[in-house]
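# Summary of the model geometry
Listed below are the residues making up each chain.
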Amino acid sequence: MKAMKKLLLTTICIFGLIEILSGCKKELLINPTEVVLYNGSQEKIQVDGEENGITYVSENPLIATVSNDGVVTGWVRGETNILVSAGSKKAICKAQVKTRVNSIPEIDASTLGMAETEAKERLTKNGESITTTKDGFAYVKTVSGTKIVYIYLHENGKIQTCAMTLSLSSSLAPTIVDFATERYSVVTRTGTYSLAMISPTKEYAVLLSVEDGRITLLYTLHNQKNNMKSATIEAFLNEEEH
């Protein structure tokens, strides 16, 4: 009887061990499990013990893409997962994309759709010296001797459009393109300073353009018609100059 119980316990232990080992086989071993990239930089994911039938999928290709052989390319700032699988085995590589151009203060695009009073209060608390007009408000920051004007326009009490603009002749002009493409995914490009872009979360659209000797990055909520007129920008600029 004791021998039977011992045999039964041994059998249960063996089957339990097999079950554990079977579960472990479903985990795919990859290296690295995390990558830090910049716009255009790459890193390859190595898969241990597997040669065929491996698939790679990026959860957000706007942030980072991955090739069929596991090469991850960074595009715009953000974080996403690269899903790696081989049959029933799976693994995740976390991809973080950082920016190199960090000297230019960013506009607060999260104010789009926000109440004008709330947006103004937030920016004032952040230390911005705001100039107000009937169409919106603006403030100016100076970087490396270049004045950058940040403009927020409201309609029906809510921020509909915001923009940052600087002189085309300034030393920051070439940098602003890298600044933009490190943060927003390019949809169309028709010139050096003519880009239509979208944020990696697809929350808002961004247009880079040149007009009247100035470079402007203009932000609107995605799929929202842009109602910002050049005359309105000029009004803010003229007021600042005087």
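Further up the page is the structure itself.
Residues numbered from 1 in each chain as written. Predicted model: local features only at pLDDT ≥ 70, side-chain atom pairs only at ≥ 80, totals over all residues. Heavy atoms only, no water.

## Section: the pattern of salt bridges
Our working definition: A pair is scored as a salt bridge if a Lys or Arg side-chain nitrogen falls within 4 Å of a carboxyl oxygen belonging to Asp or Glu. For the purposes of this entry, the term helix denotes a DSSP run of H or I that reaches at least four residues, the term strand denotes a run of E that reaches at least two, and both are numbered from the N terminus. In this scheme, a residue with accessible area under 20% of its type's maximum is buried, one over 50% is exposed, and one in between is partly exposed, where area comes from a 1.4 Å probe on protein chains only.
In this structure the tally under the stated criterion is seven salt bridges. Here Lys120 ties to Glu116 by a salt bridge, and the two come within 3.1 Å at their closest N and O atoms. Separated by four residues within a single helix, Lys120 and Glu116 lie in helix 2 (residues 116-125), roughly one turn from each other. Close ionic contact of Glu182 with Arg183 constitutes a salt bridge, the shortest N to O distance being 3.8 Å. Overall, Glu182 belongs to the buried group, its relative accessible area being 5%. Linked through salt bridges whose partners overlap, the residues forming this network are Arg77, Glu106, Glu182 and Arg183.

## Overview of unusual backbone geometry
In this chain, Asn31 is followed by Pro32 through a cis amide linkage whose omega measures 0 degrees. Phi is positive for Asn156, close to 55 degrees, though the residue is something other than glycine.

## Observations concerning the pairing of strand 15 (residues 194-198)
In plain terms, the rule: Being paired, for any two strands, means DSSP has found at least two bridges between them.
Note that strand 14 (residues 185-191) and strand 15 share five bridges and pair antiparallel. Bridging across to strand 15, Arg189 finds its partner in Leu195. Looking at chain direction, strand 15 and strand 16 (residues 204-211) are connected through four bridges and run antiparallel. The residue bridging Leu195 from the neighbouring strand is Leu208, located in strand 16.

## Some thoughts on the packing of aromatic side chains
What counts here: Centres within 6.5 Å make a pair out of two Phe, Tyr or Trp rings, where for Trp the six-membered ring is used; the pair is then stacked when the planes are under 30 degrees apart, edge-to-face when over 60, and tilted otherwise.
Evaluated as defined, the whole model comprises six aromatic pairs. A ring pair is formed by Phe137 and Tyr152, whose centres lie 5.1 Å apart and whose planes are at 15 degrees; its orientation type is stacked. Of this pair, Phe137 sits in strand 11 (residues 136-143) while Tyr152 sits in strand 12 (residues 146-155), and the two are 15 residues apart along the sequence. Like Phe137, the residue Tyr152 is buried in the burial classification. On the numbers, 5.1 Å between centres and 10 degrees between planes, the contact of Tyr139 with Tyr150 is stacked. Separated by 11 residues along the polypeptide, Tyr139 in strand 11 and Tyr150 in strand 12 bring together distant segments of the chain. No difference in accessibility class separates Tyr139 from Tyr150, as the two residues are buried. In textbook terms, an aromatic cluster arises when at least three aromatic residues are bridged by ring pairs, as seen for Phe137, Tyr139, Tyr150 and Tyr152.

## Some points on the side chain of Thr165
Quick reminder of the rule: We define a polar contact as two N or O atoms separated by no more than 3.5 Å, with the added condition that, inside protein, one atom must be a possible hydrogen donor and the other a possible acceptor, whereas residues neighbouring each other in sequence contribute only through side-chain atom pairs.
Note that Thr165 resides in strand 13 (residues 158-167). Polar side-chain contacts of Thr165 include one of 3.1 Å to the backbone oxygen of Ile215.

## Quick notes on the sheet that holds strand 6 (residues 64-66)
Put simply, the test is: Axes here refer to lines fitted to C-alpha atoms; in helices the fit is confined to the stretch in contact. Angles between the N-to-C directions go from 0 to 180 degrees.
One open sheet accounts for three strands, arranged 3-7-6; its pairing is antiparallel. Each edge of the sheet is formed by a strand with only one pairing partner; in this case those strands are strand 3 (42-44) and strand 6. Neighbour-to-neighbour, the strand axes of the sheet open up by a mean angle of 20 degrees, direction not taken into account. Taken together, the three bridges between strand 3 and strand 7 (residues 71-74) define a ladder with antiparallel strand orientation. Bridged to Lys44 within strand 7 is Val71.

## Describing the sheet that holds strand 17 (residues 214-221)
To be explicit about the condition: Whether two residues touch is decided by their heavy atoms; if any such pair falls within 4.5 Å, the residues are in contact.
What the eight strands build is an open sheet, ordered 10-11-12-13-17-16-15-14; its pairing is antiparallel. Single-partner strands in this sheet number two, and they are strand 10 (131-132) and strand 14. Here seven bridges tie strand 12 to strand 13, and the two strands are oriented antiparallel to one another. Within the sheet, the bridge partner assigned to Tyr152 lies in strand 13 and is Cys162. This element, helix 2, spans strand 10, strand 11, strand 12 and strand 13 of the sheet and lies at about 25 degrees to strand 11. Against the sheet, helix 3 (residues 173-181) contacts strand 13, strand 14, strand 15, strand 16 and strand 17, and its axis sits at roughly 20 degrees relative to strand 17.

## Side note on a nonpolar patch on the surface
We apply this condition: To count toward a patch, a residue needs a relative accessible area over 30% and no salt bridge; like charges are then connected within 9 Å, while nonpolar side chains (Val, Leu, Ile, Met, Phe, Trp, Tyr) are connected within 5 Å. The accessible surface values rely on the Shrake-Rupley method and a 1.4 Å probe; as for residues, cover is taken only from the protein chains in view.
A surface patch of nonpolar side chains, amounting to about 230 Å² of accessible area, comprises Val57, Leu83 and Ile92. Checked against the element boundaries, Ile92 lands in strand 9 (residues 89-98).

By themselves, these observations are geometric and do not establish any function.
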